[in-house]
Amino acid sequence: MDGKIGGKMEHYFSKNPGVKSNKKTFEYQFRGETILFNYDHGVFSMGKGDRGSELLIHTFIDKNPCLKDQEILDLGTGYGFIGVILKKTYPHINLTMSDINSRAVELAKENIEQNSLTATVLQSDGFEHISKSFHYILLNPPIRVGKEKVYQLLNSCHQHLLSGGELWLVVRVKQGAKSMGKYLQSFFKGVETVEREAGYHIIKATK
Ligand SMILES: C[S@@+](CC[C@H](N)C(=O)[O-])C[C@H]1O[C@@H](n2cnc3c(N)ncnc32)[C@H](O)[C@@H]1O
């Protein structure tokens, strides 16, 4: 997930990771199909889907069996785990995937292409380069950037949702799921914990 360069720790949310690349591929089985994911040093989650992200995407799909034409954002996409599974499940959605990390963005583009999918994949710090509004935003938040920045990101998500739009989040109880839920209640119309498993909460916040 992180790497050491010149004695300093580098985090997965660096804009331009300096840690040496060591790109590899893993296979992920999803509903009887094999999805290929390239991953690399300097990008979140090495060699397998993150457990929280898996719970988020599986819960989202279970609760939304049929989506078409909706605008969906996979914010902080990393190498594209959530976005690729979304597009595989709902071929007709308009999918945007974004990350602050240039290496993550390149991997997400590769993973969309190598699984014969299409999406808009772009580098953006939050919504810096994203002007449109969405029906759904999915986020496994970058807890390591600190509470203030994560909360700013949640605020920006609210601004970039259409009326009635939904923000879907995964957060661990030990990383402040309950206080994050309370914070979201201060500006979202409805906030619900739709799933709880192994210390993870899936929160749905409706605008
Ligand atoms: C916990 S990881 C989740 C990655 C991916 N969605 C997954 O499930 O494997 C959070 C991601 O948010 C990205 N990130 C951090 N700060 C960001 C920001 N300000 N704007 C966009 N992405 C950011 C990180 O680079 C990282 O890829």
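The structure under discussion appears in the preceding block.
Note that the coordinates shown come from a computational prediction; the quantities given were computed from them, not determined experimentally. Per chain, the residues get numbers from 1 upward, laid out in the order the sequence is written. Where totals are concerned, whole chains, interfaces and linings use all residues; where local detail is concerned, this predicted model gives features only for residues with pLDDT of at least 70, and gives and counts side-chain atom pairs only at 80 or more. Side-chain metrics rest on all non-hydrogen atoms present in the structure, leaving aside hydrogens and water.

### A look at the site of the ligand
Line of reasoning, step 1. Each residue is tested against the molecule or strand, and it is near if at least one of its non-hydrogen atoms lies within 4 Å. The environment of the ligand is formed by 17 residues, the closest being Ser53, Gly76, Asp99, Asp125 and Gly126.
Line of reasoning, step 2. Interatomic distance of 3.3 Å between a backbone N/O atom of Ile100 and a nitrogen atom of the ligand.
Line of reasoning, step 3. Residues adjacent in sequence count toward polar contacts only when both atoms are side-chain atoms; beyond that, a polar contact is any pair of N or O atoms within 3.5 Å, and within protein one must be able to donate a hydrogen and the other to accept it. Taking Gly126, its main chain carries an N or O atom lying 2.8 Å from a nitrogen atom of the ligand.
Line of reasoning, step 4. For every accessible area listed, the method is Shrake-Rupley and the probe measures 1.4 Å; residues are considered covered only by the protein chains on display. When isolated, the ligand has an accessible area of 590 Å², and the protein chains bury 96% of it.
Line of reasoning, step 5. Cavity: a set of points on a 1 Å grid over the protein atoms alone where a 1.4 Å probe fits but cannot get out. Pocket: an open set with protein on both sides within 12 Å along at least five of seven lines, its lining residues, like those of a cavity, having an atom within 4 Å of a point. Whether a molecule sits in a cavity or pocket is decided by its atoms, more than half of which must lie within 2 Å of the grid points. Under a 2 Å grid-point criterion requiring more than half of the atoms, the pocket assigned to the ligand is the largest pocket.
Line of reasoning, step 6. Looking at side-chain class alone, the shell around the ligand contains seven nonpolar, eight polar and two charged residues. Here the nonpolar group is Ala, Val, Leu, Ile, Met, Phe, Trp, Tyr, Cys and Pro; Asp, Glu, Lys and Arg are the charged ones; every other residue, Gly included, is treated as polar.

### Remarks on unusual backbone geometry
Line of reasoning, step 1. Even without a glycine there, the phi angle at Arg31 is positive, about 45°.
Line of reasoning, step 2. We call a residue buried when its accessible area falls under 20% of the maximum for its residue type, exposed when it is over 50%, and partly exposed in between, using a 1.4 Å probe and counting protein chains only. On the basis of relative accessibility, which here comes to 57%, the residue Arg31 falls in the exposed class.
Line of reasoning, step 3. Notably, Ala198 is not glycine yet its phi reads approximately 50°, a positive angle.
Line of reasoning, step 4. Looking at where Ala198 falls in the secondary structure, it is placed in the loop between strand S10 (190-197) and strand S11 (200-206). The helix and strand labels rest on DSSP assignments: H or I over at least four residues marks a helix, E over at least two residues marks a strand, and numbering proceeds from the N terminus.

### What to know about the packing of helix H1 (residues 51-63) against helix H2 (residues 81-89)
Line of reasoning, step 1. Convention adopted: a line fitted to C-alpha atoms gives each axis, helices being fitted over their contacting stretch, and angles between N-to-C directions are expressed from 0 to 180 degrees. For the pair H1 and H2, the least separation of the axes is 10 Å and the interaxial angle reads 25°. In terms of orientation, H1 lies roughly parallel with respect to H2. Read as a crossing pair, H1 and H2 show a hand that is right-handed. Residues Ser53, Glu54, Leu56, Ile57, Phe60 and Ile61 of H1 form the contact with H2, whose participating residues are Phe81, Ile82, Ile85, Leu86 and Thr89.
Line of reasoning, step 2. Taken together, the residues of the contact of H1 with H2 break down into eight nonpolar, two polar and one charged. An angle below 35 degrees is read as roughly parallel, one above 145 as roughly antiparallel, one from 65 to 115 as roughly perpendicular, and any other as oblique. For a crossing to be left-handed, the near helix must be turned anticlockwise from the far one by less than a right angle; the clockwise case is right-handed. We call two residues in contact whenever any of their non-hydrogen atoms come within 4.5 Å of each other.

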